[in-house]
Amino acid sequence: MATYIMLFRFTPEGIKHIKDSPARVTAAKKLFKDLGAEVTHFYTVMGRYDTVFILQAPDDETVARAALAVGALGNVQTETLRAFTEDEFAKIVASLP
């Protein structure tokens, strides 16, 4: 399974109903699981983004489907990064010409 970092920013609608956010996190984690991805960590962060999921998924398509599904609810905008472990990074570098 690949690792992904999904960054979230609240939309005006999401911040308007911020008190519902903890329940939305729980619902999003279930939605991701139903789609084949597992959220392993959740963080609230300060700065450009509001919250972060660290997740595992079998492929990019699963993560794209999850991001679109949660984004379609209207409370957040997402940005997703594929994360590589230190070992994966070393293999990538070792394969360079």
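Residues numbered from 1 in each chain as written. Predicted model: local features only at pLDDT ≥ 70, side-chain atom pairs only at ≥ 80, totals over all residues. Heavy atoms only, no water.

Undergrad: Sorry, what's going on with a nonpolar patch on the surface here?
TA: A cluster of nonpolar side chains, contributed by Phe-89, Val-93 and Leu-96, occupies part of the molecular surface with about 310 Å² of accessible area. Relative to the elements of secondary structure, Val-93 occurs in helix α4 (residues 86–94). When its relative accessible area of 40% is taken as the criterion, Val-93 is described as partly exposed. (Patch = residues over 30% accessible without salt bridge, like charges linked within 9 Å, V, L, I, M, F, W, Y side chains within 5 Å. Areas by Shrake-Rupley, 256 points an atom, 1.4 Å probe, with all protein chains shown as cover. Salt bridge = Lys/Arg side-chain N within 4 Å of Asp/Glu carboxyl O. Helix = DSSP H or I, 4+ residues; strand = E, 2+ residues; numbered from the N terminus. Buried < 20%, exposed > 50% of the residue type's maximum accessible area, 1.4 Å probe, protein only.)

Undergrad: Is there a simple way to think about the sheet that holds strand β4 (residues 76–83) in this case?
TA: Paired through their backbone hydrogen bonds, the strands of a sheet run either parallel or antiparallel. Taken in spatial order, the four strands of this open sheet run β2-β3-β1-β4, and their pairing is antiparallel. Where the open sheet ends on each side, the last strands, each with one partner, are β2 (38–44) and β4. Adjacent strand axes in the sheet meet at a mean angle of 20°, parallel and antiparallel pairs treated alike. Pairing geometry for β2 and strand β3 (residues 51–57), over six bridges, is antiparallel. From the neighbouring strand, Phe-42 faces β3, where its bridge partner is Phe-53. (Pairing = 2+ DSSP bridges. Axes fitted to C-alpha atoms, helices over the stretch in contact; angles between N-to-C directions.)

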